[in-house]
Amino acid sequence: MFDLSQAAPRAAKLTALGIGVALLATACGGSSTPSQTGSGSSSAASAGISCPAPSAGAGAGNSQAATNSGPVPPSTTTTSTPLKIGSLLPTTGSLAFLGPPEIAGVNLGIKEVNDAGGVLGAPVSVIHRDSGDTKTDIATQSTTALLGQGVSAIVGAASSGVSKTVINQITGAGVIQFSPANTSPDFTTWDDKGLYWRTAPSDVLQGKVLGNYMATCGAQTVGMIVLNDAYGTGLQKNVKEAFEAAGGKVVAEELFNEGDSQFSSQVDKVLAAKPDAIALITFDQAKSIVPLITGKGIKPTQLFMVDGNTSDYSKDFQPGTLKGAQGTIPGTFAKDAFKQKLLAIDPGLKDYSYAGESYDAVNLIALAAEEAKSTKGTDIAAHLKDVSEGGEKCNSYAACVTLLRQGKDIDYDGQSGPVTFSDAGDPTEAYIGIYQYQDDNTYKPVREEFGKL
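Residues numbered from 1 in each chain as written. Predicted model: local features only at pLDDT ≥ 70, side-chain atom pairs only at ≥ 80, totals over all residues. Heavy atoms only, no water.

### Notes on the pairing of strand β9 (residues 277-281)
Most of β9 is tucked away, with 5 of its 5 residues classed as buried. The alternating pattern of β9 places Ala277, Ala279 and Ile281 on one face and Ile278 and Leu280 on the opposite face, and all of these are buried. Summarising the sheet, strand β7 (residues 221-227) and β9 pair through 5 bridges and their orientation is parallel. Each residue of the ladder has a partner; that of Gly223, found in β9, is Ile278. When β9 meets strand β10 (residues 303-305), the two strands line up parallel, connected through 2 bridges. For Ala279, the partnering residue across the bridge sits in β10 and is Phe304. For the crossover from β9 across helix α8 (residues 286-294) to β10, the handedness is right-handed. (Buried < 20%, exposed > 50% of the residue type's maximum accessible area, 1.4 Å probe, protein only. Helix = DSSP H or I, 4+ residues; strand = E, 2+ residues; numbered from the N terminus. Pairing = 2+ DSSP bridges. Right-handed = clockwise from strand over helix to strand, strands pointing away.)

Structural data, given as structure tokens:
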């Protein structure tokens with residue numbers, strides 16, 4: 001067991017990062033803000049790590065934007081080819097826990113678009129297919145099926161590694177690939193013919209936030225256990241750069257491969273370096289790794305997780321196993337009203353990770369099609385950036401399409417945040433949510449960090 005009582009907590013200075021990330025502590029909204037009891041600095045102090053107390057206030061979901069209060073005017077242009085969207089989201093594999101909220105977000109977006117009269121005078125349809133993970137060829141088979149059914153855009157995949165196996169197939173067919181959850185920086189420079197877009201920010205941002213946050217919590221040394229794929233190693237690089245720029249030192253970095261089932265060697269090597277904090281950059285392999293770590297006496301307050309594994313573990317671990325551990329998920333916290341809409345779509349939802357990003361993807365595709373007056377993938381892609389910036393702010397399909405049909409320029413701000421796209425199809429500004437685990441091994445929001453790239 002490590003004794004961190006000698007590691008005095010320090011308020012690490014957030015350094016001026018070369019890419020211009022501006023970290024602003026904002027707040028969690030609604031009734032989801034946890035109390036001070038059992039969270040924040042009070043629960044972590046005994047482990048030698050003292051994180052900032054939960055913040056309170058209003059996050060990205062409260063920007064002033066146009067809302068629709070009357071009937072949506074009819075489209076002046078109609079189409080003989082209704083917009084058809086596919087989804088390539090995980091219902092099996094190591095990211096299957098992300099499938100339900102993402103699929104619910106897509107279905108809610110489709111419902112609201114059709115409730116407002118559809119796109120170009122016709123209802124929008126959606127076809128769902130499983131993405132699986134990188135251990136299978138499910139994604140390729142699903143993509144072939146979706147392209148064969150004439151979709152103009154595919155929402156997915158969730159995994160960056162999976163997207164790399166199908167991005168050329170999708171974009172090469174003149175179809176938009178729009179991921180709600182890919183975070184690998186590699187996609188920023190991918191030769192995608194302008195057809196790859198995402199509502200999740202690059203891990204350049206999540207990595208900066210997590211690295212700086214661990215330093216702010218007082219950690220001076222960090223060990224990392226990392227999935228050896230595009231997602232894991234990309235996030236590892238950016239966490240390390242930020243943590244060391246803030247004055248800390250990464251003392252151990254152990255990789256494993258997708259499909260591995262034994263992690264004792266990686267855990268033992270990281271623990272031998274006696275880090276103040278441990279970053280787990282994994283998918284559901286955390287179910288095997290966490291017990292190995294806590295079983296050796298490591299306090300959960302020393303554990304920092306990421307979007308690939310910040311999940312509900314109430315049925316996997318004994319109560320208290322993760323109490324005080326923290327994790328990051330790109331995007332602003334799901335607001336209560338949005339959660340209720342999602343639960344009406346899928347009453348079985350347990351978490352809401354990337355639901356907002358999936359919902360926003362559908363809305364943005366539909367709005368770009370309206371502005372382009374076309375349901376062709378390449379035409380829609382040419383208008384995605386324009387509907388995300390520079391015009392009158394609006395935050396629902398009905399409100400935004402009303403403005404478009406009145407001849408106005410729009411700036412869609414969504415459930416995931418402000419969205420504004422770069423020329424490469426990346427969000428240029430975003431929120432990263434920081435969550436803390438409770439005694440029942442479920443997590444609650446404690447603060448948000450806002451950054452620009």
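### Observations concerning the packing of aromatic side chains
This model, assessed by the stated rule, comprises 14 aromatic pairs. On the basis of an interplanar angle of 75° and a centroid distance of 5.1 Å, the ring pair of Trp197 and Phe421 is categorised as edge-to-face. Of this pair, Trp197 sits in strand β6 (residues 196-198) while Phe421 sits in the loop between β13 (410-412) and β14 (429-437), and the two are 224 residues apart along the sequence. A single burial state applies to Trp197 and to Phe421, both of which are buried. Here Tyr231 and Phe283 contribute two aromatic rings whose centre-to-centre distance is 5.1 Å and whose plane-to-plane angle is 25°, an arrangement assigned as stacked. With Tyr231 in helix α6 (residues 230-245) and Phe283 in the loop between β9 and α8, this pair connects stretches of sequence that are 52 residues apart. Judged on exposure class, the residue Tyr231 and its partner Phe283 are both buried. Through pairs of rings, three or more aromatic residues link up here, namely Tyr313, Phe317, Phe333, Tyr435, Tyr437 and Tyr443. (Phe/Tyr/Trp six-rings, centres within 6.5 Å; stacked < 30°, edge-to-face > 60°.)

### As for the environment of Thr301
Relative to the helices and strands, Thr301 is located in the loop between α8 and β10. Between the C-alpha atoms of Thr301 and Ile49, which are 252 residues apart in sequence, the distance is 7.3 Å.

### Some remarks on the pattern of salt bridges
On inspection of all chains with the given rule, the structure shows 16 salt bridges. Its salt-bridge partner being Glu112, residue Lys341 comes within 3.5 Å of it at the nearest N-O pair. With Lys341 in helix α9 (residues 336-345) and Glu112 in helix α2 (residues 99-115), this pair connects stretches of sequence that are 229 residues apart. Accessibility expressed as a relative area gives 42% for Lys341, which makes it partly exposed. Asp413 is paired through a salt bridge with Lys393; the nearest N and O atoms lie 3.0 Å apart. Of this pair, Asp413 sits in the loop between β13 and β14 while Lys393 sits in strand β12 (residues 392-394), and the two are 20 residues apart along the sequence. (Salt bridge = Lys/Arg side-chain N within 4 Å of Asp/Glu carboxyl O.)

### Quick word on the state of the cysteines
One pass over the structure, following the stated rule, counts 2 disulfides. Note on cysteine connectivity: Cys51 is disulfide-linked to Cys217, with sulfurs 2.0 Å apart. The chirality of the disulfide connecting Cys51 with Cys217 is right-handed, given an S-S dihedral of about 115°. With a gap of 166 residues between them, Cys51 in the loop between α1 (41-44) and β2 (84-89) and Cys217 in the loop between α5 (203-216) and β7 connect regions that are remote in the sequence. By relative accessible area, which is 3% here, Cys51 ends up buried. (Disulfide = S-S within 2.5 Å.)

### Digging into the nonpolar core
By size, the foremost hydrophobic cluster in this structure holds 62 residues, and its most contacted members are Met214, Ile293, Phe304 and Leu322. If one sorts the elements of this core by residue count, α5 sits on top with 6 residues. If we skip the residues at most four places from it in the chain, Met214 touches Ala219, Val222, Val239, Phe243, Ala277, Ala279 and Phe304. Counting residues in hydrophobic clusters, the runner-up holds 49 residues, among them Val106, Ala381, Leu384 and Ile410. (Core = buried A, V, L, I, M, F, W, Y, C linked by side-chain atoms within 4.5 Å. Contact = heavy atoms within 4.5 Å.)

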